[in-house]
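For reference, the chains in residue letters:
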Amino acid sequence: MAGIFGFYAFGDERVNWDSSKFIYYGLSALQGRGQESTSLVIYTHHDNTEPLRWISGEGLVDEVFGKIKQDYMKGFLGIGQVSAEKRDYAIKVEKPIELALVGDGKPALHDNRQKSFQIFAEMLSKKISELRDPLEATKTLIREVGGGYSFITLTKDEKMICGRDIQGIKPLEVGAIGFDIGAVASESSALDVIGAEQSGFVKPGETVMFDPLSIEKRHIKNKTAYCSFEYVYLARLDSYLNSISVSNVRDMIGQRLSEENPVKAEVVIGVPNTAIPFSMSYSKNSGIPVKYGFTRTGRHVRSAIKPSQFDRIVGVQLKLNPIRTSVDGKEIILIDDSVVRGNTLRSTVYNLKRKGAKKVHVRIGSPPLISRCPFGTEVPPEDELIGKALSNDEIAEIIGADSFAYLSIDGLCESIGLPESSLCLGCFTGKYPERPT
């Protein structure tokens, strides 16, 4: 998984804008989509021999941008990426057309996400050279290449081109600051933080090109299949994806969870941060009080997307220290967004009981994860997924809970407000959307 951001300045005074500052804030808002690698590519008019300039490195946005030499990386156009994979950087192609590309998801060109986007970028460079029409070249490439992906590319001749796969599996939102600035991002919250007004989203199968004088779009026949896991876990609470509020979806998930899986208890607590809205809505609908159940040590860590089990366990320990007064002597409803292997959830239940909880009933705000994602989301092999083979009662026994239940597929679709046919639910069903011909 990755978060991508593009900045484009228009007008006679555009050389005065410093794109790296806007991209810094945009990528910071997308940090939850990837904390292992960061990249920045800018276009500068100062040097015709090296108009596209790169900086990439392992670590958070703050850490990588802290290494930037401001004069060297100053330019009025730019793109950036954060990734949940180590050494997953912006793609560079030198010939036949020099361009840089950042991407979310994965084109169906290689098992490895980075290599897949490298092939995609090389194909795009070649097609632009052959067709001499960047927008038509991009449209043709999207028609030919399957998978679930969104991307932004910056060319040597000042064009920024973005697009989504034909089913729109990965999101891409568009915004503007007046008539001077155009911006594109994986989530609308990244547009908010730079002061841009969200104007819509790149539609499935659509390409959008920014050049110094205009914005032009083209699209091909599509069939919508938005990633449902974006609404459950991946996206920020304050984002809109495809004109759907993530906050509203998570409120509905909590409500549906309380209707589908009621249980008598004294307090509801949510696992920070994603499941907090689920717990608040569950509480409101059930009438059971909600409390903060945990405090965090150190900076925010998205433990579920950390690359190793050690990192995930440490991440949970850092962020999930139970508050004794919230749980001591009480029957607890513990709500989490998803469960992968069950190791971290077992640790959480153990810590709650160690702090005095009489009973812990676990409720999950998504259906069971049973299948890997071919579109770049970090879901482990199927034989490691606890929901693949075990019943709810068996999972409850393994994690030490007194009861355990998931949200249903119908409950998730109704919470998002779209029919099953308009969503990618593959990680929950094992059935991935068929690409239209």
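Everything below is about the structure shown above.
Residues numbered from 1 in each chain as written. Predicted model: local features only at pLDDT ≥ 70, side-chain atom pairs only at ≥ 80, totals over all residues. Heavy atoms only, no water.

Undergrad: Account for the sheet that holds strand E12 (residues 206-211), with residues named and values stated.
TA: Taken in spatial order, the 6 strands make up an open sheet running E5-E6-E7-E8-E12-E13, and their pairing is antiparallel. Single-partner strands in this sheet number two, and they are strand E5 (91-93) and strand E13 (214-219). Within this sheet the neighbouring strands show an average axis-to-axis angle of 20°, counted without direction. Here E5 pairs with strand E6 (residues 99-107) via 3 bridges, running antiparallel. Directly across from Ile91, in E6, lies its bridge partner Leu101. Across the sheet, helix H4 (residues 134-144) is in contact with strand E7 (147-155), strand E8 (160-164), E12 and E13; its angle to E12 comes to roughly 155°. (Pairing = 2+ DSSP bridges. Helix = DSSP H or I, 4+ residues; strand = E, 2+ residues; numbered from the N terminus. Axes fitted to C-alpha atoms, helices over the stretch in contact; angles between N-to-C directions. Contact = heavy atoms within 4.5 Å.)

Undergrad: Help me get a handle on the pattern of salt bridges, residues and values and all.
TA: This structure, assessed with the given rule, holds 25 salt bridges. Residue Arg14 pairs with Glu158 through a salt bridge whose shortest N-O separation is 2.2 Å. Here Glu158 lies in the loop between E7 and E8 and Arg14 lies in the loop between strand E1 (2-9) and helix H1 (19-29), a separation of 144 residues in the sequence. With respect to class, Arg14 is no different from Glu158; both count as buried. (Salt bridge = Lys/Arg side-chain N within 4 Å of Asp/Glu carboxyl O. Buried < 20%, exposed > 50% of the residue type's maximum accessible area, 1.4 Å probe, protein only.)

Undergrad: Go over the sheet that holds strand E21 (residues 359-364) with me, naming the residues and quoting the values.
TA: Spatially, E17-E20-E21-E22 is the arrangement adopted by the 4 strands of the open sheet, whose pairing is parallel. Each of the sheet's edge strands pairs with one partner strand only, and the pair in question is strand E17 (267-270) and strand E22 (403-406). Put simply, the sheet's adjacent strands are angled 20° from each other on average, direction ignored. Pairing geometry for E21 and E22, over 4 bridges, is parallel. From the neighbouring strand, Ile364 faces E22, where its bridge partner is Tyr406. In the packing of helix H8 (residues 276-286) onto the sheet, contacts are made with E17, strand E20 (331-336) and E21, and the angle to E17 comes to roughly 160°.

Undergrad: I'd love a proper account of helix H13 (residues 392-399), names of residues and values included.
TA: Helical periodicity: at 3.6 residues per turn, an α-helix aligns residues three or four positions apart in one direction. Every buried residue belonging to H13 is among Ile395, Ala396 and Ile399, and all of these are buried. Projected down its long axis, H13 carries its buried residues within an arc of 100°, all on one side. Among the exposed residues of H13, those pointing more than 90 degrees away from its buried face are Asp393 and Glu397. Close packing links the buried residues of H13 with helix H11 (343-354), E21, helix H12 (386-389) and E22. Phi for Gly400, located one or two positions after H13, is positive at around 80°. (Arc of directions from axis to C-beta.)

Undergrad: For H1, give the residues involved together with the corresponding values.
TA: Buried within H1 we find Ser19, Ser20, Phe22, Ile23, Gly26, Leu27 and Ala29. Tucked inside the fold, the buried residues of H1 contact E1, strand E2 (37-43), helix H2 (61-65), strand E4 (77-83), strand E9 (173-177) and helix H5 (188-193).

Undergrad: Lay out the nonpolar core in plain terms, naming residues and giving numbers.
TA: Grouped together as the largest cluster of nonpolar side chains are 61 residues, with contacts concentrated most on Leu334, Val362 and Phe404. Considering each element in turn, this core owes the most residues, 5 residues, to helix H6 (residues 228-234). Here Val362 is in contact with Leu334, Leu345, Val349, Ile399, Ala401, Ser403, Phe404 and Ala405, once residues within four sequence places are set aside. Core analysis: the second largest hydrophobic core is formed by 47 residues, Val61, Val82, Ala90 and Met160 among them. (Core = buried A, V, L, I, M, F, W, Y, C linked by side-chain atoms within 4.5 Å.)

Undergrad: Got a sec to walk through the state of the cysteines? Specific residues and values, please.
TA: All told, the structure shown has 0 disulfides when counted by the stated rule. No disulfide involves Cys227; its nearest neighbouring cysteine sulfur is the one of Cys424, lying 6.0 Å away. There is no disulfide at Cys427, and the cysteine sulfur nearest it, in Cys227, is 6.5 Å away. Owing to a relative accessible area of 10%, Cys427 belongs among the buried residues under this scheme. (Disulfide = S-S within 2.5 Å.)

Undergrad: Please give an account of the side chain of Ser228 that cites residues and values.
TA: As for its placement among the helices and strands, Ser228 is situated in helix H6. When sequence neighbours within four positions are dropped, the list of residues in contact with Ser228 reads Leu412, Ile416, Cys424, Leu425 and Phe428.

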